[in-house]
Each structure stands twice: as C-alpha cells, then as structure tokens.
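Structure at a glance
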Amino acid sequence: MIVSKEVRPINRDFRGNDRQRETRVNERIRAREIRLIDENGEMMGVMPPVRALDIARDRNLDLVEVSPNAMPPVCKLMDYGRYKYEQAKKENEARKNQKTITLKEIRMRPRTDEHDVEVKTRKIQEFLAEGDKVRVSVQFRGAELRHPDIGRKLLDEIAEVLKGTATIERSPMMEGRMMSMIVSRAPGWEPPKKQAAPPAGKRQTAQATASETSQSADTSENA
C-alpha cells in the first residue's frame, strides 16, 4: 500500500488564508536561507538570514521578508519604518479619492402629477451627477394593483427623459406592491456645471446700471 504524504512549504502560514500574514522583519525571519536584494534593487545572492541581518545593520537598514512563499524566501534591505509610513500615506490618499457608490431611491404613485414627476426626475439626475445609483419605484395601493401597466408606462417615460443621462441597470420589475427599475450614470455623461453667482459688488453695480437704464428710458418717453 502506498501512503502519500503532503509536503508543506517551510514558510507556509498555518493561521488560514482568510487572515493576512504579518510581515517578518529582522530577527523574526526564521528561514534557513534567504535570497537578498539590496536597497537599490540589486540581487546579492542566497545566504543565511544572520549574514543578511549583519549587512542590514552595517547599512543602518532593516531586513524585510517581501516574498515569504518563494523558495528560498526573498528579503530586501530597507528602512522599514519609512516604508510603512509611505504605505499608510498612499492608502489614506486612495481612500480620500475613492467614491462610495450608494443606492438612492425615488418613490412615486401611479397617478403622480406631471409637475411632481418633473421634480423627481431632476432629483434623479442630481443623484446620478453625484455618482450614485437610483432605484426609481412606483408604489401601488388597493385597486391600483390591477393596473400595473400605468406604473410601467410612468417608468418608461422617465427612462426616456433620462436617455443619454442614465443607463438602465435593471428594467422595471414588479416586487410585491412596488414596481421599480435601477438606473446609473451613463458612461461619458457629465452634469452641466453650475455657473457661479457674481460677487456682491458686481451684482450691485449691475442692478444700479439696470436701474439707470430704466430711468433713462422713462425720461426719453416723457420727452
């Protein structure tokens, strides 16, 4: 009978793949041999960690394990404190620039009047301009459930108005007493830029000029 035995890599992390492995630095590197890269990225060869650590100390640097699963593990000379600081700085910048997409919802009734539909459609465009997705829903009550076609027609009309502005991610679908569709910002669509109001001084000057023009016109008519 042949018994197979699993050969595990020396540097395997037995805590589980769902947990991030902590970077080994300096004396915590326990492999028999490592492949060393200097601070400039040049290969220095394979050697025991003790020898590599001596080189790191001579250069006032740290020995950092960068590829623990390689055979042998790859380590690099670097200022580990500075490296961690720069990594944290990059992560913070990435978080600042990251836009969280949320799903907003606009609700209407099958008999919502035309003016309210226009107002809600503009609100949908505002949400899309901010980069969010929108669930546009029509809520039915009582006898209205017998006429889902009215809600479907309303959502189709809104989709037509949003053409070029929004992409329909999910077509109108009936869910209980609600019919809804999901829209997101159309690729390439840019919301119109809001014009900045003129400074207070310029507004007053413009108003004064308009007033003088009006007075001049009145004088001409009286003459």
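Presented here is a report on the structure given in the accompanying data block. (Residues numbered from 1 in each chain as written. Predicted model: local features only at pLDDT ≥ 70, side-chain atom pairs only at ≥ 80, totals over all residues. Heavy atoms only, no water.)

The number of helices and strands found in the protein chain is five helices and eight strands. Residues classed as buried in the protein chain amount to 26% of the 223 residues present. Within the protein chain, contacts between residues separated by at least 24 positions form 54% of all contacts whose residues are at least 6 apart in sequence. As presented, the protein chain carries roughly 16500 Å² of accessible surface, and 48% of it is formed by carbon and sulfur atoms. (Helix = DSSP H or I, 4+ residues; strand = E, 2+ residues; numbered from the N terminus. Buried < 20%, exposed > 50% of the residue type's maximum accessible area, 1.4 Å probe, protein only. Contact = heavy atoms within 4.5 Å. Areas by Shrake-Rupley, 256 points an atom, 1.4 Å probe, with all protein chains shown as cover.)

If you walk across this open sheet you meet the four strands as β5-β6-β8-β7, and the pairing is mixed. In the strand order of this sheet, the two ends are held by β5 (103-108) and β7 (166-175), each with one partner. Each strand of the sheet is rotated relative to its neighbour by a mean of 20°, with strand direction disregarded. Here strand β6 (residues 133-139) pairs with strand β8 (residues 178-185) via six bridges, running antiparallel. Note that in β8 the partner of Arg-135 across the bridge is Ile-182. (Pairing = 2+ DSSP bridges. Axes fitted to C-alpha atoms, helices over the stretch in contact; angles between N-to-C directions.)

Look at helix α4 (residues 148-161): 20 Å from first C-alpha to last across 14 residues, which is about the 20 Å you get at 1.5 Å a residue. The complete set of buried residues in α4 reads Gly-151, Leu-154, Leu-155 and Ile-158. Around the axis of α4, the buried residues are gathered within 95° of arc, so they sit on the same side. Residues of α4 that are exposed and point more than 90 degrees away from the buried face comprise Asp-149 and Lys-153. Packed against the buried residues of α4 are β5, α3 (114-129), β6, β7 and β8. (Expected span 1.5 Å × (residues − 1). Arc of directions from axis to C-beta.)

On inspection of all chains with the given rule, the structure shows one aromatic pair. Ring geometry for Tyr-80 against Tyr-83: centres 6.1 Å apart, planes inclined by 25°, an arrangement best described as stacked. Highlighted residues: Tyr-80 and Tyr-83, both in helix α2 (residues 80-97), separated by three residues, approximately one helical turn. Exposure remark for Tyr-80: the relative accessible area of 18% places this residue in the buried category. (Phe/Tyr/Trp six-rings, centres within 6.5 Å; stacked < 30°, edge-to-face > 60°.)

We now examine α3. In an α-helix, one full turn covers 3.6 residues, which means residues spaced three or four apart are oriented alike. Helix length check: α3, at 16 residues, gives a terminal C-alpha distance of 23 Å against a target of 22 Å (1.5 Å per residue), a fit within 8%. The complete set of buried residues in α3 reads Val-117, Thr-121, Ile-124, Phe-127 and Leu-128. For α3, the angular spread of the buried residues around the axis is 115°, confining them to a single face. Against the buried residues of α3 lie β5, β6, α4, β7 and β8. Looking at where α3 begins, the residue whose side-chain oxygen comes 3.1 Å from the main-chain nitrogen of His-115 is Asp-113. Backbone geometry just after α3 places Gly-131 at a positive phi near 90°. (Polar contact = N/O pair within 3.5 Å; in protein donor to acceptor, adjacent residues only side chain to side chain.)

This part is about the pattern of salt bridges. Inspection of every chain in the model, using the stated rule, returns 14 salt bridges. Of the charged contacts in the structure, one is a salt bridge between Arg-28 and Glu-22, with a shortest N-O distance of 3.0 Å. In this structure Glu-22 comes out as partly exposed when scored by relative accessible area, which is 47%. Across the salt bridge formed by Arg-82 and Glu-86, the nearest N and O atoms sit 3.3 Å from each other. In this pair, Arg-82 and Glu-86 both sit in helix α2, four residues apart, roughly one turn of the helix. (Salt bridge = Lys/Arg side-chain N within 4 Å of Asp/Glu carboxyl O.)

Of the pairings in the sheet, the one linking strand β3 (residues 62-67) to strand β4 (residues 74-78) comprises five bridges and is antiparallel in character. Opposite Leu-63, over in β4, you have Leu-77 as the bridge partner. Connecting β3 to the next strand, β4, in antiparallel fashion are six residues.

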